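Coordinates in review
Spelled out from the first residue to the last, the chains are:
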Amino acid sequence: MTNLEAIREDLSPYPIRTSQIERQCIKQGISPHDDKLDEQAISMCVLEILSQIIALGGVSEGGVSFSFDSNKVKERIRALCSKNGLDYGDYVSLPTVTRLE
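How each quantity is defined
- Residues numbered from 1 in each chain as written.
- Predicted model: local features only at pLDDT ≥ 70, side-chain atom pairs only at ≥ 80, totals over all residues.
- Heavy atoms only, no water.
- pLDDT = per-residue confidence, 0-100.
- Helix = DSSP H or I, 4+ residues; strand = E, 2+ residues; numbered from the N terminus.
- Expected span 1.5 Å × (residues − 1).
- Buried < 20%, exposed > 50% of the residue type's maximum accessible area, 1.4 Å probe, protein only.
- Arc of directions from axis to C-beta.

Let us look at the confidence of the model for the protein chain. Averaged over every residue, the pLDDT of the protein chain is 84; the share at 70 or more is 86%. The least confident element of the protein chain, judged by mean pLDDT, is strand β1 (residues 59-61) at 60; the most confident is helix α2 (residues 18-28) at 94.

Moving on: helix α4 (residues 70-84). Here α4 spans 21 Å end to end across 15 residues, near enough to the 21 Å set by a 1.5 Å rise per residue. Along α4, the residues that are buried comprise V73, I77, L80, C81 and N84. Viewed end-on, α4 has its buried residues packed into an arc of 100°, placing them on one side of the element. Turned more than 90 degrees away from the buried face of α4, the exposed residues are S82 and K83. Following α4 by one or two positions, G85 adopts a phi angle in the positive range, close to 65°.

Next comes the structure, spelled out in structure tokens:
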């Protein structure tokens, strides 16, 4: 299994373009076609792509539109962040409370 295949599996069932996965691999310093898996880098790629999905509100590929429950995507992001010791707030906007006096 290559990094690209592993990322695609972790993103299932979301139909993500191969070019988008390859771009994230480059940003994380791994080859999408390398079969020596770097789980940390793979998780970072998945987190980046999932956070983009939330911002876009859906996925469209080849004329097919795919919508999703953003809360489920956020749960997946939270789990990946927890697993990798990352700050959830870096990937999902968190509500803030400002006290007015």
